[in-house]
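Observations on the model geometry
Residue-level listing of the chains:
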Amino acid sequence: MPTDPEAEDLLSEHPEAVAATAQRLRTVLLKAHPQLEKRVRRGWHSINYRDPVASFVCAVFPTADRVQLVFEHGARLPDPEGRLSGTGKQVRTLDLAAPEEVDAAVVATFLDHAVELGAGLRSR
């Protein structure tokens, strides 16, 4: 992954395990969908990802002890194994505490569905 000073600055405020988990997650996201546009949101303390067609699809939120991958329309995503957390009407989160917990296939599948869903919602 190319150097990203904004994201690196945000992640530098976190323990090494959290920063490494976020970096691994970012790599997986962009490998699965290289068209995603990244924007660091300091006020939200997140790294947001937007698809040109689907608009905002997800964000990486580093916390004190883990990283949350938040899906904008996560409540609508298929989740047969119950990996996503959250009880609200719209957002769901995939919680990851270490880089080895970032399963590229799982993340890519959720992201594929999120982009497809977002594109469908925007076309209405």
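The protein chain is annotated in an unreviewed UniProt entry as YdhG-like domain-containing protein of Geodermatophilus obscurus.

**Side note on the environment of valine 91**
Along the chain, valine 91 falls in the loop between strand 4 (67-71) and strand 5 (92-96). Separated by 33 residues in the primary sequence, valine 91 and cysteine 58 have C-alpha atoms spaced 9.5 Å apart. Residues in contact with valine 91, not counting those within four places in the same chain, are Val70, Phe71, Glu72, Gly74 and Ala75.

**Things to note about the environment of alanine 22**
Counting through the fold element by element, alanine 22 comes out in helix 2 (residues 16-32). Taking relative accessible area as the criterion, alanine 22 reaches 0% and is therefore assigned buried. The spatial distance from the C-alpha of alanine 22 to the C-alpha of valine 102 is 9.1 Å, given a sequence separation of 80 residues. Residues contacting alanine 22, with those up to four places away along its chain left out, are Leu11, Val60 and Val67.

**Details of the side chain of asparagine 48**
In this structure, asparagine 48 sits in strand 2 (residues 46-51). Side chain to side chain, asparagine 48 and serine 46 meet in a polar contact 2.7 Å long. When neighbours within four sequence positions are excluded, asparagine 48 is seen to be in contact with Glu37, Lys38, Arg39, Arg41, Phe56, Cys58 and Ala59.

**Some details on the nonpolar core**
The nonpolar side chains of a soluble globular protein tend to be buried, and buried together. Counting 31 residues, the largest nonpolar core has Leu25, Leu29, Val60 and Leu69 as the members making the most contacts within it. Listing elements by their share of this core, those giving two or more residues are helix 1 (5-11), helix 2, strand 2, strand 3 (55-62), strand 4, strand 5 and helix 3 (104-122). In contact with leucine 25, other than residues within four places in its own chain, are Val60, Val67, Leu69, Leu96, Val102 and Val107.

**Considering the side chain of arginine 92**
Along the chain, arginine 92 turns up in strand 5. For the buried residue arginine 92, which engages in no salt bridge, the nearest side chain bearing the opposite charge is aspartate 79, 6.7 Å off. Polar side-chain contacts of arginine 92 include one of 2.8 Å to the backbone oxygen of glycine 88.

**A short note on the sheet that holds strand 1 (residues 37-41)**
For sheets, the rule is that strands pair by backbone hydrogen bonds, running either parallel or antiparallel. Reading across the sheet, the five strands line up as 1-2-3-4-5 and stay open at both edges, with antiparallel pairing between neighbours. Where the open sheet ends on each side, the last strands, each with one partner, are strand 1 and strand 5. Put simply, the sheet's adjacent strands are angled 20° from each other on average, direction ignored. With five bridges connecting them, strand 4 and strand 5 associate as antiparallel partners. Residue pairing across strands places leucine 69 opposite leucine 94, the latter belonging to strand 5. The strands touched by helix 3 are strand 2, strand 3, strand 4 and strand 5; relative to strand 3, the strand with the most contacts, the crossing angle is about 140°.

**Observations concerning helix 2**
With 17 residues, helix 2 should reach 24 Å at 1.5 Å per residue; the first-to-last C-alpha distance of 24 Å fits that figure. Here helix 2 has its buried residues at Val18, Ala19, Thr21, Ala22, Leu25, Arg26, Val28 and Leu29.

The rules behind these values
- In this convention, every chain numbers its residues from 1, walking through the sequence in written order.
- Owing to the predicted nature of the model, reporting of local features is limited to residues with pLDDT of at least 70; listing and counting of side-chain atom pairs is limited to 80 or more, with chain, interface and lining totals taken over all residues.
- Side-chain measures here rest on the full set of heavy atoms in the structure, leaving out hydrogens and waters.
- In this text, helices come from DSSP runs of H or I with a minimum length of four residues, and strands from runs of E with a minimum of two, each type numbered from the N-terminal end.
- Residue contacts are counted whenever heavy atoms from the two residues lie within 4.5 Å of one another.
- A 1.4 Å probe rolled over the protein chains alone gives each residue an accessible area, and that area as a share of the maximum for its type sets the label: buried under 20%, exposed over 50%, partly exposed in between.
- Here a polar contact is taken to be a pair of N or O atoms separated by no more than 3.5 Å, where protein atoms must pair a possible hydrogen donor with a possible acceptor and residues adjacent in sequence count only if both atoms sit in side chains.
- Nonpolar cores are built from buried Ala, Val, Leu, Ile, Met, Phe, Trp, Tyr and Cys residues. Side-chain atoms within 4.5 Å join them into one set.
- We score Asp and Glu as negative and Lys and Arg as positive, and we do not count His or the chain ends.
- When a carboxyl oxygen of Asp or Glu lies within 4 Å of a side-chain nitrogen of Lys or Arg, that pair is called a salt bridge.
- Pairs of strands are assigned from DSSP output, requiring at least two bridges between the strands.
- Each axis is a line fitted through C-alpha atoms, and for a helix only the stretch in contact is used; angles between axes span 0 to 180 degrees, taken between their N-to-C directions.
- Expected helix span is taken as 1.5 Å per residue step, with the number of steps being one fewer than the number of residues.

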